[in-house]
Amino acid sequence: AAPPTGSPVPHRPFDRLGPGRLVRALDAEDQARPIDAVLPAGPRERLGLRFAPGALRGAVPPLSAAESPEAAQSRLQSETRGIRRGGVGYA
């Protein structure tokens, strides 16, 4: 699926998704720019995220598409304020 036109959210579709492929993709993204939050596209991705190390899951638990962008941004900013990079992510 293509991201919405003009979306600033990075989007990388997979032809197949397994835990190893998801972890490698998260690691590549984290090397380019530290991950603040992950927005799984669906239940399959949310399940696969359970296999990723905490440091690759973002500083906060996965966001939900049902959450308003404003609420997600506010939560992300309030929960990451003061967190130093290199932690273990969320539990």
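Here we summarise the structure given alongside this text. None of the values given here were measured: they were computed from a predicted structure.

### Side note on the overall build of the protein chain
- Of the regular secondary structure elements, the protein chain holds 3 helices and 0 strands.
- Residues classed as buried in the protein chain amount to 22% of the 91 residues present.

### Regarding the pattern of salt bridges
- In total, this model carries 2 salt bridges according to the counting rule given.
- Among the ionic pairs, glutamate 45 bridges to arginine 44, the shortest N-O distance being 3.5 Å.
- Arginine 75 is the partner of glutamate 67 in a salt bridge, and the nearest nitrogen-oxygen pair spans 3.2 Å.
- Look at glutamate 67 and you get partly exposed, because its relative accessible area is 23%.
- On the basis of relative accessibility, which here comes to 22%, the residue arginine 75 falls in the partly exposed class.

### Quick word on the side chain of arginine 57
- Summarising the element assignment, arginine 57 is placed in the loop between helix 2 (43-49) and helix 3 (69-80).
- Lacking a salt bridge, the buried arginine 57 has aspartate 30 as its closest oppositely charged neighbour, with an N-O distance of 12 Å.
- Within the structure, the side chain of arginine 57 is placed 2.8 Å from the backbone oxygen of alanine 52, a separation counted as a polar contact.

### Here we look at the environment of alanine 41
- With respect to the secondary-structure elements, alanine 41 resides in the loop between helix 1 (19-32) and helix 2.
- By relative accessible area, alanine 41 is classed as exposed at 75%.
- Put simply, alanine 41 and alanine 65 are 24 residues apart on the chain and 7.7 Å apart in space, counted from C-alpha to C-alpha.

What counts, and at which threshold
By convention here, each chain's residues receive numbers from 1 onward along its written sequence. Given that this is a predicted model, residues contribute local features only at a pLDDT of at least 70 and side-chain atom pairs are listed and counted only at 80 or more, while totals for whole chains, interfaces and linings are drawn from all residues. With hydrogens and water stripped out, all remaining heavy atoms of the structure feed into the side-chain values. Helix and strand assignments follow DSSP, with helices taken as H or I runs no shorter than four residues and strands as E runs no shorter than two, numbered in order from the N terminus. Accessibility here uses a 1.4 Å probe with only protein chains present; expressed as a share of the type maximum, an area under 20% marks a residue as buried, one over 50% as exposed, and anything in between as partly exposed. The rule for a salt bridge is simple: a side-chain nitrogen of Lys or Arg has to be within 4 Å of a carboxyl oxygen of Asp or Glu. Residues scored as charged are limited to Lys and Arg (positive) and Asp and Glu (negative), so that His and the chain ends carry no count. Whenever two N or O atoms come within 3.5 Å, that pair is a polar contact, provided that in protein one can donate a hydrogen and the other can accept it, and provided that, for residues adjacent in sequence, both atoms are side-chain atoms.

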